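Reading the structure
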Amino acid sequence: MSLEPKQMPVQYILGEWDFQGLSLKMAPPVFIPRPETEELVEWVLEEVAQRPHAVGAQGGPLILEVGCGSGAISLSLLSQLPQSQVIAVDKGEAAICLTRENAQRLQLQDRIRIVPLDVTSEGSWAHLLPWGPMDLVVSNPPYVFHQDMEQLAPEILSYEDPAALDGGEKGMDIITHILALAPWLLKDSGSIFLEVDLRHPELIVCWLQSRPDLSLDLVAVRKDFYGRSRFLHIRRSGPQHGCPADALPGPQPARVPG
Amino acid sequence: MRSHLLLSVARCLWTPRAIGLARRQRSGSAQLEELFARGGPLRTYLERQAGSESHLQVRGSELVAVAKLLSEKEQELLDTEHLLHDENEDLRKLAENEITSCQKEIAQLKHQIILLLVPSEETDENDLILEVTAGVGGQEAMLFTAEMFDMYQQYAAFKRWHFETLEYFPSEIGGLRHASASIGGSETYKHMKFEGGVHRVQRVPKTEKQGRIHTSTMTVAILPQPTEINLVINPKDLRIDTKRASGAGGQHVNTTDSAVRIVHLPTGVVSECQQERSQLKNREMAMKKLRAKLYSMHLEEETSKRYSARKIQIGTKGRSEKIRTYNFPQNRVTDHRINKSLYDLETFMQGEYLLDELVQSLKDYADYESLVEIISRKL
C-alpha cells in the first residue's frame, strides 16, 4: 500500500515558523521544531541564569547542540544569551544548510559554528576537541522508538527526515552516544539537557548506572506543559578526559561509544 | 460694598482665563470650583478638620496647613482687589500683577487640596487590558470597532504608553469583531478607566446604499492588570488545555494549533489565546488575561458599594452604560456622563489632544464626585 501524497505540513508550505520569538525558515525534510522544545530552551536559560559560568576569553557559556535541524535551539539560546557561543552539529546536509541560513537571517553567524557530524560514528568526538570542553550540551535527539515510526502521522512520514526521528529500538541510540561524549567534551560540573520520550527517564537512569565511567548523574526530570516527563538535566562530576594518548590517572573508558 | 467685591472676586475666580490653569485643566473643572465656594460644604469640612487637630494623621495636618494657606491667599486677593480702582495707574498695574499671581497660587492650592482629599485607587498605577467588542449594527458596528481600536492605539502612542495587541478578530470587510490589547506605562489605568462602557456611533455606514443614518454600538472594557503582589494565583488552581493533549506528543506530533485555554478551577473563569504561533506566547497572553479578569472580579467586590451613586461608573456596572455618542453628520462627540460635547470628530478619532481633553474632564468630574462623597460622609 503506497502512501497517498498528503497535505504538506503548514510550516513547510509557509516556509517559515516561529520558535521562542524568532522567525525561522523551514524547508523539507529538515525537522520542524515542536512546541515542547521551546520549554527545553526555557529550562536551559533558567539554569544558566542561576549558575553564572566561569567567563573565559570569549565569555560564556560554550554550548554544543547535537542534531541542530533548523537551528531552533542553538539560535534561540544565542539570541537570549548574548555572551554565549554555540557549536551546532547535524548529520543531515539539509539541516546544516538550513541552520546556516537561519543564523545569517538572524545575524548570529559570528557566534555559531555549524559542523556536519554524525555523533554515532566512531571517533566523531575527536573533530570537536579543538573547540575545547563545553559548558553545556543541549539536544532534542531523534527519540522515537523504531517500532512507533510507522504510526506517525502521514504528513510527518512523507515530509520530515526519518533520521531526525528514529532513535532505534528503544529510542536510545543517539541519546547514549551523546551521553558517552561527556568525558571528552564536557567540563567538570558541565550539564547535558535533553528532550526525550516519556519512557526514557527510567531507561536512562538504568543505563547511566551501567556506565559509572562517564561520571554522569541525573539531576532533574522536568515535565512539559502537557504533564509528560519530557526533559532531563544530567550533570558531569568528574575531570574532563584529554586525548586518548594522554596518560590520565583514574578510570578511563575502554571504548568511546557505549 | 463688601458683597460687590466678593462677587467680582468670585467672578474672576470662575473665569477660565483668569485662573491661569493649563488649558486642559480648564474644561470640566467648573463643578470642582463650585465646591470651593465660600460657606460651602467643602469649606465647612476643612474648617472642622482644622478644629480637631489632635486626631489628625500626618496627611491630615498637611491638609489643614494648605487650607489655612488658601484662606490667607484669598484674603490677600480681597485686600489687593480694591487697588484695581485706585487713581494711580502704576498702583493699578501693580495690583493687576499681584492679583494674577495670587490667583495662580490659589488655583494650585485648591488643586493640592483635591489631591490630598481624593483617595487614589489601588489600581491607578497599574497597567491595563483593553477589550473592544462590536455591538449592535452588524458590519457597520464592526467597522466602528476597528476605528475605535485604532484610536486607542494612537492615544497610547500619544501618551507614550506601551501597546501590545493580544487578540485581533477581524471581520470580512476590514472591521473588527473583538480585540484586546495590553497597555502599560505611566498612569494608564488612571486615564483609561473612564473609557469603559457602550460607545454609540451615528452616521451613514459605508455599506449603506440609500444614504440613511444608522446607529450602531461597540463596547469597551478596561481591566486593570494586577501586579505580582496584587494577585497571587496558585498554579495548582489552574487547568491548562491545549490541542496536543493526547498521545505521546513531542516528536511524534506536528500541529500548528497552538491555542491555549486556561481554566481557573476555583472560580471557573476561562481565558483563551490563539493569536500567536508560539504556544509559549499564547500561554503568557492567556495568563495575562486571566489575571486581569480575576483581579477585576476582586475589585468589583471592593468598589461596587462605593461607586453605586455616581455618574461615572467603573467596572462591570459601567460596562452596559451608554457613555458616549459619536455623531458624524454633526461632527460631534458627546459624553453623556458629564454632558460634554466636543467638535471635530475626525481629529478626536486620531486619539490625541481632543481625546485627552475629554479624559481630563472626566477625571475632574470623577474627583468632584469623590470629594462630594468624602465631605458628605462626615456630616
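Just so it is clear, the model here is predicted, and its values are computed rather than measured. (Residues numbered from 1 in each chain as written. Chains lettered and ligands numbered in written order. Predicted model: local features only at pLDDT ≥ 70, side-chain atom pairs only at ≥ 80, totals over all residues. Heavy atoms only, no water.)

**As for the interface of chain A and chain B**
Listed by partner, the interface residues are 34 residues for chain A and 20 residues for chain B. Of the roughly 2,300 Å² buried between chain A and chain B, counting both surfaces, carbon and sulfur atoms make up 50%. For the pair chain A and chain B, the number of links is three salt bridges. The partner of Arg277 of chain B in a salt bridge is Glu16 of chain A, with the nearest N and O atoms 3.5 Å apart. Connecting chain A to chain B are 13 residue pairs in polar contact (both at pLDDT 80 or more). Within the residue set of the side of chain A that touches chain B, elements represented by two or more residues are helix H1 (10-14), strand E1 (16-19), helix H2 (36-50) and helix H5 (154-159) of chain A. Per-class residue counts for the side of chain A that touches chain B are 18 nonpolar, three polar and 13 charged. (Contact = heavy atoms within 4.5 Å. Buried area = accessible area lost by both parts, 1.4 Å probe. Salt bridge = Lys/Arg side-chain N within 4 Å of Asp/Glu carboxyl O. Polar contact = N/O pair within 3.5 Å; in protein donor to acceptor, adjacent residues only side chain to side chain. Helix = DSSP H or I, 4+ residues; strand = E, 2+ residues; numbered from the N terminus. Nonpolar A, V, L, I, M, F, W, Y, C, P; charged D, E, K, R; others polar.)

**A few points about the nonpolar core**
One finds Ile113, Leu130, Met192, Tyr326 and Phe348 of chain B to be the most contacted residues of the largest nonpolar core, which totals 63 residues. When sequence neighbours within four positions are dropped, the list of residues in contact with Ile113 of chain B reads Phe36, Leu46, Leu63, Val66, Ala67 and Leu70 of chain B. In terms of nonpolar packing, the next biggest core, distinct from the first, is built from 34 residues, Leu128, Val137, Ile175 and Leu214 of chain A among them. (Core = buried A, V, L, I, M, F, W, Y, C linked by side-chain atoms within 4.5 Å. Buried < 20%, exposed > 50% of the residue type's maximum accessible area, 1.4 Å probe, protein only.)

**Quick look at the pattern of salt bridges**
All names here are of chain B. A full pass over the atoms with the stated rule returns 35 salt bridges over all chains. Measuring nitrogen to oxygen at the nearest pair gives 3.7 Å for the salt bridge that ties Glu164 to Lys288. Here Glu164, found in strand E2 (residues 162-170), pairs with Lys288, found in helix H10 (residues 279-307); they are 124 residues apart in sequence, far enough to count as distant. Overall, the relative accessible area of 23% leaves Glu164 in the partly exposed class. Close ionic contact of Glu187 with Lys190 constitutes a salt bridge, the shortest N to O distance being 3.4 Å. Judged by its relative accessible area of 27%, Glu187 is partly exposed.

**A look at the sheet that holds strand E11 (residues 340-343) of chain B**
All names here are of chain B. Pairing within the open sheet is mixed, and its eight strands lie in the order E2-E3-E1-E5-E4-E9-E10-E11. Each end of this open sheet is capped by a strand with a single partner; those strands are E2 and E11. Taking each pair of neighbouring strands and ignoring which way they run, the sheet shows an average axis angle of 20°. One ladder, built from seven bridges, connects strand E1 (residues 128-134) with strand E5 (residues 214-224); its direction is antiparallel. Bridge pairing in E5 places Thr133 opposite Thr219. (Pairing = 2+ DSSP bridges. Axes fitted to C-alpha atoms, helices over the stretch in contact; angles between N-to-C directions.)

**Notes on the sheet that holds strand E3 (residues 62-66) of chain A**
All names here are of chain A. Taken in spatial order, the seven strands of this open sheet run E5-E4-E3-E6-E7-E9-E8, and their pairing is mixed. In the strand order of this sheet, the two ends are held by strand E5 (112-116) and strand E8 (216-223), each with one partner. On average, each strand axis in the sheet is inclined to that of its neighbour by 20°, with strand direction left out of account. The pairing of strand E4 (residues 85-90) with E5 spans five bridges and is classified as parallel. Note that in E5 the partner of Ile87 across the bridge is Arg113. Across the face of the sheet, helix H3 (residues 72-80) comes into contact with E3, E4, E5 and strand E6 (134-139) while running at roughly 175° to E4.

**Overview of the side chain of Arg337 of chain B**
All names here are of chain B. Position of Arg337 relative to the elements: it lies in the loop between strand E10 (332-335) and E11. A polar contact is formed between the side chain of Arg337 and the backbone oxygen of Phe194, at a distance of 2.9 Å. Reaching out from Arg337, the side chain makes a polar contact with the side chain of Asp335 at a distance of 2.9 Å. With sequence-adjacent residues up to four places away left out, Arg337 is seen in contact with Phe194, Gly196, Lys311, Ile312, Ile323, Arg324 and Leu362.

**Concerning the pairing of E4 of chain A**
Residues and elements named next belong to chain A. Of all six residues that make up E4, six are buried, and the element is covered over most of its length. On E4, burial covers both faces: Gln85, Ile87 and Val89 on one face and Val86, Ala88 and Asp90 on the other are all buried. For E3 and E4, the ladder comprises five bridges, and the chain directions are parallel. Bridge pairing links Glu65 to Ala88 in E4. Taken together, E3, H3 and E4 form a β-α-β motif whose crossover is right-handed. After leaving E4, the chain enters helix H4 (residues 93-105) and then returns to the sheet as E5, a path that is right-handed. (Right-handed = clockwise from strand over helix to strand, strands pointing away.)

Don't take any of this as a statement about function, it's just geometry.
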